[in-house]
Amino acid sequence: MPTIPGLPCQLAFRNHDEQSIPAGLGWHPYFTLGPKADAFKLQMPECELVGIDERMLPTGKTYEYDEFSTLRPVGITVLDNCFALPVQEGKAEVLLQGERGTLHYWQETGAGKYNFLQVFIPPLRHCIALEPMTCAPDAFNNGMGLARLEPGAMLKGSFGVWVES
């Protein structure tokens, strides 16, 4: 992995079984840059909102989403959503600004990488989770982004953060 400022992370999963298996990777880091997420500013990459039903399970549909295509205050926006990113080699980046600085978050995208981003603000609204995922929630049932690993195959991807004060 090339030298990247901040905290780069790589997750990997190898199938050590003798038959193929379904697999997905995800990580759930929470970030705070001040006492309330309402005061944060957020900018998200090009993405589509993954539609959900009343049980919060993906419906298989995606919708245009550009609410945070430019840096803007979170305010009272409620976020507990999965976003589908374009499946292209590279990385998707999120900016999060608060009174303690600017957080630069990135995740690797492309075939078999982190092509989904879950964004969550908990009820206390004291932080925000930016969660890289290789598949959508409930992927074992809906197949959205689910990998099928042959024996010996590996699923891996990188993501990371760095903060400017």
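Provided above is the structure to which this section pertains.
No experiment lies behind these values; they were computed from the predicted model shown.

About the cut-offs
- Residues numbered from 1 in each chain as written.
- Predicted model: local features only at pLDDT ≥ 70, side-chain atom pairs only at ≥ 80, totals over all residues.
- Heavy atoms only, no water.
- Helix = DSSP H or I, 4+ residues; strand = E, 2+ residues; numbered from the N terminus.
- Rg over C-alpha atoms; globule rule 2.2 N^0.38 Å.
- Buried < 20%, exposed > 50% of the residue type's maximum accessible area, 1.4 Å probe, protein only.
- Contact = heavy atoms within 4.5 Å.
- Areas by Shrake-Rupley, 256 points an atom, 1.4 Å probe, with all protein chains shown as cover.

(A) Just the overall build of the chain, in detail. In terms of regular secondary structure, the chain is built from one helix and 14 strands. Against the 2.2 N^0.38 benchmark of 15 Å for 165 residues, the chain shows a C-alpha radius of gyration of 16 Å, consistent with a compact globule. If you line up the chain on its principal axes, its C-alpha atoms span 50 × 40 × 25 Å. Looking at the 165 residues of the chain, the share that counts as buried comes to 44%. Counting only contacts in the chain whose residues sit at least 6 apart along the sequence, the fraction spanning at least 24 positions is 69%. Summed over all atoms, the accessible surface of the chain reaches about 9,000 Å², with 54% contributed by carbon and sulfur.

(B) Representation of the side chain of Thr102 in the model. Looking at where Thr102 falls in the secondary structure, it is placed in strand β10 (residues 101–109). The exposure class of Thr102 is buried, given its relative accessible area of 13%. The contacts of Thr102, once residues within four sequence positions are left out, are Leu95, Leu96, Gln97, Trp162, Val163 and Glu164.

By themselves these figures say nothing about function.
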